Amino acid sequence: QVQLVESGGGLVQAGGSLRLSCAASGRTVSYVMGWFRQAPGKEREFVAAITGSGGNIWYVDSVKGRFTISRDNVVNTVYLQMNSLKPEDTAVYYCAARRDVGVRTIATMSQLREYDYWGQGTQVTVSS
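This is a predicted model, so every value here is computed, not measured. (Residues numbered from 1 in each chain as written. Predicted model: local features only at pLDDT ≥ 70, side-chain atom pairs only at ≥ 80, totals over all residues. Heavy atoms only, no water.)

Caption draft 1: Expanded view of unusual backbone geometry. With phi around 55°, N76 is a residue other than glycine that occupies positive phi space. Looking at the secondary structure, you find N76 in the loop between β7 (67-72) and β8 (77-82). Of note in the backbone geometry, S84 takes a positive phi value of approximately 50° without being a glycine. Relative to the elements of secondary structure, S84 occurs in the loop between β8 and β9 (91-99). (Helix = DSSP H or I, 4+ residues; strand = E, 2+ residues; numbered from the N terminus.)

This is how it looks when you write it as structure tokens:
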């Protein structure tokens with residue numbers, strides 16, 4: 001069982017930056033860690049994912065060049081550095097974990113149903 005706790009959300013002006021953290025209760029080196037977000041009235045969507053070693057990383061096109069996912073397996077924490085934030089980035093951001101099995105493509109890594117563990121979410125609000 002893995003428990004995930006996100007932190008670092010808040011209110012920021014457009015163009016600003018935030019760094020989200022996701023602390024895991026156990027060792028997650030064998031898990032792919034992902035970030036998802038859900039805006040009001042919209043479905044939850046994939047943002048980024050990273051394999052256990054950090055050797056494979058995927059991003060949704062809308063955040064490429066602005067967001068960076070990373071992880072520190074010593075402290076069992078995954079991060080999402082968000083720069084050049086836009087009002088459309090406003091959402092609740094969720095951390096999730098899935099076992100690193102199967103084909104590694106963005107199509108598979110972005111599937112919500114493949115993730116076994118989820119955090120409670122942290123709100124990110126970007127004002128214009």
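Structure's up, so let's keep going.
Caption draft 2: Structural context of the packing of aromatic side chains. Taken as a whole, this structure holds five aromatic pairs when the rule is applied. Arranged with centres 5.0 Å apart and planes meeting at 80°, the rings of F36 and Y115 form a pair that is edge-to-face. A residue pair is termed long-range when its members are at least 10 positions apart, and F36 in strand β4 (residues 31-38) and Y115 in the loop between α1 (106-109) and β10 (117-118) qualify at 79 residues. Relative accessible area serves as the criterion here: at 5%, Y115 is assigned to the buried category. Taking the centre distance of 5.0 Å and the plane angle of 55° together, the rings of F36 and W118 count as tilted. Within this pair, whereas F36 is found in strand β4, its partner W118 is found in strand β10, the two being separated by 82 residues in sequence. According to the relative accessible area criterion, F36 is buried, its value standing at 0%. One aromatic cluster is present, formed by F36, F46, Y115 and W118 through successive ring pairs. Over the aromatic face of Y94 sits the side chain of R44, whose NZ or CZ is 3.6 Å from the ring centroid. The positively charged end of R44 is found above the aromatic ring belonging to W118, 5.0 Å away from the centroid. (Phe/Tyr/Trp six-rings, centres within 6.5 Å; stacked < 30°, edge-to-face > 60°. Buried < 20%, exposed > 50% of the residue type's maximum accessible area, 1.4 Å probe, protein only. Lys NZ or Arg CZ within 6 Å of the ring centre and 35° of its normal.)

Caption draft 3: Just the pattern of salt bridges, in detail. Considering all chains together, one arrives at six salt bridges under this definition. One salt bridge connects D100 with R104, and the closest N-O pair in it is separated by 2.5 Å. According to the relative accessible area criterion, D100 is partly exposed, its value standing at 24%. Note that R113 and E114 form a salt bridge whose closest N and O atoms lie 4.0 Å from each other. Look at the salt bridges and you will find they share partners, linking R37, E45, R66 and D89 into a network. (Salt bridge = Lys/Arg side-chain N within 4 Å of Asp/Glu carboxyl O.)

Caption draft 4: Structural view of the pairing of strand β5 (residues 45-50). Counting buried residues in β5 gives five out of six residues, a clear majority hidden from the surface. Pairing analysis gives five bridges linking β4 to β5, with the strands arranged antiparallel. Pairing of G34 across the sheet is with A49, part of β5. Here β4 folds back onto β5 in antiparallel fashion, the turn holding six residues, of which G41 has a positive phi close to 75°. The pairing of β5 with strand β6 (residues 57-59) spans three bridges and is classified as antiparallel. Looking at β6, one finds that I50 is bridged to I57. In sequence, β5 turns back onto β6 through a hairpin of six residues, with G54 there showing a positive phi of about 80°. (Pairing = 2+ DSSP bridges.)

That's the geometry; what it means functionally is another story.
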